[in-house]
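# Tertiary structure, described
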Amino acid sequence: MIWETVRLSLRSIRRNVLRSFLTLLGIVIGVAAVIAMLTIGSGTTEKVKADISKLGSNLLVVRSGRPAGPGGPGGLDQVVRPLAEKDLAALVAHLTGARAISPASQKQVRVIFGTESLTSGVTGTDSAYLDARDWKLVSGRPFSDSETRSGTGVCLIGETVRQQFFGAGDPEGEIIRVNRTSCKIIGLLEPKGYTGFGQDQDNVVLMPLHAYQRRIAGNRDIDNIYIAADDTTPTSELQPRVEDILRDAGRITPDRESDFAIRDMTQIADAMASATTTMTGMLGAVAGVSLLVGGIGIMNIMLVSVTERTREIGIRLAIGAHEKHILIQFLVEATVLSLLGGIIGILIGLALAGLASVTLTIPFAPSPAVILLAVGFSALIGMVFGFFPALRGARLDPIDALRHE
Amino acid sequence: MAAGATLITFDKVWKSYGQGEAKVHALAGVDLAIRRGEFVAIMGPSGSGKSTAMNIIGCLDTPTAGTYSFMGIDAGRLDRNRRAMLRNLYVGFVFQGYNLLARTTAAENVELPLIYRGVAARERRDLAMQALAQVGLVGREHHTPAELSGGQQQRVAIARAIVTRPTLLVADEPTGNLDTARTHEIMELLTQLNTKLGLTIAMVTHEADVAGYAERTIRFIDGHVASDSKNLEVA
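Residues numbered from 1 in each chain as written. Chains lettered and ligands numbered in written order. Predicted model: local features only at pLDDT ≥ 70, side-chain atom pairs only at ≥ 80, totals over all residues. Heavy atoms only, no water.

With domains assigned, chain A is organised as domain 1 (2–51 + 271–403) and domain 2 (82–258). The centre of domain 1 of chain A, based on its C-alpha atoms, is set 56 Å off from the matching centre of domain 2 of chain A. (Domains from an automatic or database assignment.)

As structure tokens, then:
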């Protein structure tokens, strides 16, 4: 009987192809929007998480200046004491639970080789930097301790720099000019691609901190100190220790605020991921409203359909259909209709999300749960919005229905 | 043919519409009996109550007062779904405007009442074919109403009415949309069903020559039975 009714409803859907299609459209658009939004959203979340873990997982970054308060970073008026060698030395001497501690000062600098030039992010650092950032070398070797100490003119370059200057060639041993100083390439960094913020992580040059300070920055400042926690220490535990040591080293009395800030990359990763998840939920909800509109469309068309087929209902009632037969017939029709719309919507939504994942270079992350939910929800919409029109049809008086023109 | 036991009884049946001053009595205390196997024509001007009487006979409607009994059942007191069951089991309907489902083949139209009876698909098909054969439409099973003439459509409707082997056939101006030749064919078919299957037929018409095919004519005027007479044997 139910199968019979499903067949019947499919036939009546086929009989009015154009009208059925227009009815479906609301549900199709609604479901497609929901699926596309949620799929793109979860792809973005994954991408953000991956990007941040590229910045280094379990990483604390110390920079000079007050910690960002509720009103944002400190005002312009304050004089910022830069981090210096003694802060680094204090951390290296006293901090437990860290796998690597590394200073880093950065600047965008023009790098030249032959007649080619490129503006690159040049970082002055030491040999622990690769470990702290979890970066690897494709070839060559890291700085030696003596090179770090003496500030020898050697450097490691990223993939973008290599491509710009050497094409397919081997850069090792070549001399490039960084600002007005020259340095010898001793290694090539593993390609890391772009961050989620559009920053090319391969357009970099690393050189010993002392060489950077002397020849490029012209001071003895350290911009950042990167601290990677070891596997057993959570960054949340490491952070207060770092703070204590640095306050001691800077002789900051308890009544004063710290003149440095510690950023926990894990926290940032979590915050960003939860932000994109919230965003995804919001977009999904907005798309859900269009599903609701689609449901009202179904109700509208089902009402038209019931009115249009009053005579048919009359015939069916006259020859012995019960109220429930008519009710089920129209309910099934509405459900089949919206389910069909749901399935088409899912396909379109996934196609859109696939397209977006290619153009936005985010992972394509369709969720079976979301798809299942969309199918169930569209069927539910058909049932809910189809119920009133179906009931109206079922309650018709056969005599009036038969007289209906 | 010889009439059997009583099938239908009207006992002081009233059917009223409206309230107070505006109250209209479509039927005003009608007494009536139809026996099994009878072929009865019901005539009367419009507004005479003949259609209302037909709706009550076909268990589509219920009396406001009085008793309508069908096969000994007090059908006037049954609820919607029980009357639907009664119609499905014992009553076949033929209408003036054929009332076939559009874009649905003849066979599928004929099968329709069997669906609501829960008959299996294969058996439905067989019964539908038999019914179509009885009305002389072999070879038209897969035509839709639009592909059939008026006479053929009415034959499909008759097949749909008899496919359930009903006790009573209710025909509401079955030839109203047909020309003389088609009218004659349809009436011959109904007469044949009446005599061969012993099907009781109640037919509303306003054409005297159509009524002439029946054995008995009941005339309604102003909600009363004005006359009830045996027809003379027609050739």
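That covers the picture; the talk isn't over yet.
Attention now moves to the interface of chain A and chain B. With 25 residues of chain A at the interface, the matching set in chain B holds 24 residues. Buried surface at the junction of chain A and chain B, both sides included, amounts to about 2,200 Å², of which 56% is carbon and sulfur. Connecting chain A to chain B are one salt bridge. Measuring nitrogen to oxygen at the nearest pair gives 2.8 Å for the salt bridge that ties Glu-323 of chain A to Arg-80 of chain B. Put simply, chain A and chain B have 10 residue pairs in polar contact (both at pLDDT 80 or more) between them. For the side of chain A that touches chain B, the elements supplying multiple residues, two or more each, are helix 1 (2–15), helix 10 (310–318), helix 11 (323–359) and helix 13 (398–403) of chain A. Sort the elements by how many residues they give to the side of chain A that touches chain B and helix 10 of chain A lands first, with six residues. Its residues assigned to classes, the side of chain A that touches chain B shows 11 nonpolar, four polar and 10 charged. (Contact = heavy atoms within 4.5 Å. Buried area = accessible area lost by both parts, 1.4 Å probe. Salt bridge = Lys/Arg side-chain N within 4 Å of Asp/Glu carboxyl O. Polar contact = N/O pair within 3.5 Å; in protein donor to acceptor, adjacent residues only side chain to side chain. Helix = DSSP H or I, 4+ residues; strand = E, 2+ residues; numbered from the N terminus. Nonpolar A, V, L, I, M, F, W, Y, C, P; charged D, E, K, R; others polar.)

This part covers the sheet that holds strand 2 (residues 24–35) of chain B. Residues and elements named next belong to chain B. Taken in spatial order, the four strands of this open sheet run 2-1-4-5, and their pairing is antiparallel. A strand with exactly one partner marks an edge of an open sheet, and here the two such strands are strand 2 and strand 5 (73–74). Pairing analysis gives nine bridges linking strand 1 (residues 6–17) to strand 2, with the strands arranged antiparallel. Within strand 2, the position partnered with Ile-8 by the bridge is Ile-34. Docked against the sheet, helix 1 (residues 50–57) engages strand 1, strand 2 and strand 4 (65–70), running at close to 125° with respect to strand 1. (Pairing = 2+ DSSP bridges. Axes fitted to C-alpha atoms, helices over the stretch in contact; angles between N-to-C directions.)

A positive phi angle, close to 65°, is found at Asp-134 of chain A, a residue other than glycine. Considering the arrangement of structural elements, one finds Asp-134 of chain A in the loop between helix 4 (129–133) and strand 4 (137–140).

The next point concerns helix 1 of chain B. Across the eight residues that make up helix 1 of chain B, a large majority, seven, are buried. Taken together, the buried positions of helix 1 of chain B are Lys-50, Thr-52, Ala-53, Met-54, Asn-55, Ile-56 and Ile-57 of chain B. (Buried < 20%, exposed > 50% of the residue type's maximum accessible area, 1.4 Å probe, protein only.)

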